[in-house]
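What follows is the residue order along each chain.
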Amino acid sequence: MTSLPLYSFLPIFLMISSSFAQFDGFNYDESKVPQFVLPDPLTLENGDQVTNAHVWKNSRRAEIVKLFETYVYGKAPDNTSSVRFGEAEIEDHALDGTAIRKQVKLYLGGTQDGPTADLLIYLPAGSNSPPPIFLGLNFQGNHSVTDEAGIWLPISWMPEADDETVVDHRATESGRGKKGARWPIREIIARGYGVATIYCGDIDPDYDDGFQNGIHPLFYDDGQTRPRADEWGTLAAWAWGLSRAMDYLETDHDINHNQVAVLGHSRLGKAAFWAGAHDERFALVISNESGCGGAALSRRRFGETVKRINTKFPHWFCENFQKFNDNEDELPVDQHMLAALVAPRPLYVASAEEDLWADPRGEFLSLKFASPVFTLLGRRALGKETMPGRDQPLHLDVAYHIRSGKHDITLYDWQCYMDFADEQFGRNSK
Ligand code: GTR
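Let me sum up the structure you'll find in this document. Since we're looking at a predicted model, the values are computed, not measured.

### Regarding the pairing of strand S8 (residues 260-265)
Consideration 1: Within S8, 6 of the 6 residues are buried, which leaves it mostly tucked inside the rest of the structure.
Consideration 2: Because side chains alternate across S8, one face comprises the buried residues Val260, Val262 and Gly264, and the other comprises Ala261, Leu263 and His265, equally buried.
Consideration 3: When S8 meets strand S9 (residues 284-288), the two strands line up parallel, connected through 5 bridges. Considered in S9, the bridge of Gly264 is made with Ser287.
Consideration 4: You can see the chain leave S8, run along helix H5 (residues 267-278) and come back into S9, and the turn it takes is right-handed.

### Notes on the layout of surface pockets
Gaps left between atoms are located by rolling a probe of water-molecule size over the structure's atoms.
Consideration 1: Considering only enclosed or pocket space, the largest pocket measures out at about 440 Å³ in volume.
Consideration 2: Around the largest pocket sit 21 residues that line it, and Ser266, Arg267, Phe313, Trp357 and His407 are the ones nearest its centre.
Consideration 3: Of all the secondary-structure elements, those providing two or more residues to the lining of the largest pocket are H5 and helix H6 (306-312).
Consideration 4: Of the residues belonging to the lining of the largest pocket, the class tally is 7 nonpolar, 6 polar and 8 charged.

### Structural notes on the packing of helix H1 (residues 53-73) against H5
Consideration 1: In contact at an axis separation of 11 Å, H1 and H5 are set at 150 degrees when each is read in the N-to-C sense. Taken together, the axis directions place H1 and H5 in an arrangement best described as roughly antiparallel. Helix-helix and strand crossings are classified by hand; for H1 and H5 the assignment is left-handed. For the pair formed by H1 and H5, the contact residues are Arg61, Val65, Phe68, Glu69 and Tyr73 on the first element and Trp274, Ala277 and His278 on the second.

### Structural notes on the packing of helix H4 (residues 234-251) against H5
Consideration 1: Between H4 and H5, the shortest axis-to-axis distance is 8 Å and the interhelical angle comes to 60 degrees. Taken together, H4 and H5 sit at an angle that is classed as oblique. The way H4 lies across H5 gives a crossing that is right-handed. Across the interface between the two elements, Leu235, Ala236, Trp238, Ala239 and Leu242 of H4 pack against Arg267, Leu268, Lys270, Ala271, Ala272, Trp274 and Ala275 of H5.
Consideration 2: By residue class, the composition of the contact of H4 with H5 is 10 nonpolar, no polar and 2 charged.

### Things to note about the packing of aromatic side chains
Between two aromatic rings, the relevant description is the distance of the centres plus the angle of the planes.
Consideration 1: According to the stated counting rule, one finds 21 aromatic pairs in the structure shown.
Consideration 2: Between Tyr348 and Tyr417, the aromatic rings sit 4.8 Å apart at their centres with planes inclined by 85 degrees, giving edge-to-face as the arrangement. Of the two residues, Tyr348 is situated in strand S10 (residues 347-352) and Tyr417 in helix H10 (residues 411-425); the sequence distance between them amounts to 69 residues. Take Tyr348 and Tyr417: they sit in the same class, and that class is buried.
Consideration 3: Lying across the ring of Trp240, Arg244 places its NZ or CZ 5.2 Å from the centre.
Consideration 4: Positioned above the aromatic ring of Phe23 is the side chain of Arg308, whose terminal nitrogen or guanidinium carbon lies 4.7 Å from the ring centre.

About the thresholds
- Residues numbered from 1 in each chain as written.
- Predicted model: local features only at pLDDT ≥ 70, side-chain atom pairs only at ≥ 80, totals over all residues.
- Heavy atoms only, no water.
- Buried < 20%, exposed > 50% of the residue type's maximum accessible area, 1.4 Å probe, protein only.
- Helix = DSSP H or I, 4+ residues; strand = E, 2+ residues; numbered from the N terminus.
- Pairing = 2+ DSSP bridges.
- Right-handed = clockwise from strand over helix to strand, strands pointing away.
- 1 Å grid on protein atoms, 1.4 Å probe; cavity = no way out; pocket = protein on both sides within 12 Å on 5 of 7 lines; lining within 4 Å.
- Points joined across faces, edges and corners; volume = space filled by probe spheres on them.
- Nonpolar A, V, L, I, M, F, W, Y, C, P; charged D, E, K, R; others polar.
- Axes fitted to C-alpha atoms, helices over the stretch in contact; angles between N-to-C directions.
- Parallel < 35°, antiparallel > 145°, perpendicular 65-115°, else oblique.
- Left-handed = near helix turned anticlockwise from the far one by under 90°.
- Contact = heavy atoms within 4.5 Å.
- Phe/Tyr/Trp six-rings, centres within 6.5 Å; stacked < 30°, edge-to-face > 60°.
- Lys NZ or Arg CZ within 6 Å of the ring centre and 35° of its normal.

In structure tokens:
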């Protein structure tokens, strides 16, 4: 493996405090991060250097996609022609008349009796031209992101809640608006952006059932009962769902489908990152505190590790990823190469100061070590820049911030994403 120089570690930036989200038995001490060697995104598998955009685009990029498919997320099916869209609801006077709301059913197996996913869309009312849009999955149902009464309740499985919002693994009316703080739709609309979301469990419920529910079984070969070792886990299924939502957005003339930003928080940030890295139709990619298996470098083993994530969430990645439990140095990729796959499109990675489990420094370093690829493709990447202080967004053609506070996606994060989208899409929405 051709490698980048050994990385020697910068002084400790983040102080440890008992209020930080962390679990016992994991490393939160920068001085204990092992030395490691990263695979070089710009060395082809035959050992040649990538010295121009043509070779990146036509050879190296595909090699890296294949490595992530084979060893990390698993390969999703190529044949998606069966997905159908239908049963749309349109409300022209949503959010006190400031927005147009649409709800679209995605028939994932092409038939009404198979699994369906509900895509909820808000667009600013009275736009002069089709607006750009943010697309992301949500954790607890479309009805949880806004308290508008007309939102369809999800019918798919949901994790139990410690209140009455979920009963017998099904959403109830009382969950309406419960996650509104994570989806500041009115602010997004006021700045002229649209926003679209799907409940992740509509695509694949988030628990280990041996891949019997969700979309996996729809694509099994005859006699197949679970994905092969290099085939998709749940994160890749969610990413696939985001791409199917993109298929719909491309057909909707009320939306600027050349300006779709894909984003997600935490596990859904991992899915959004993989979707955006893989599917080049996404014009902007945003990872909010995606951590291990998302933006954070696996080889640092800081906070959550490959072994822990594969043990606690055995359904998230492909089976091959388990080979790297306590064995990160053998990974043929690291997450800076996921960041590199986004280039030359803009990429925003964000961390939270108290979210050590997600390894903020490891998230920043992924962006930094992806720089040679962004630079080769003519984009303004991180050069000498060091990790910025809290709440000081750093925006080039890649962007990073570390927000004060805990693991979450907040209005502040969204404001930073909209500012960056303004810069990248040539808008001035403030
Ligand atoms: C944690 C997991 C993280 C992150 C988080 C979340 O339990 O260890 O990788 O995904 O859940 O999604 O909130």
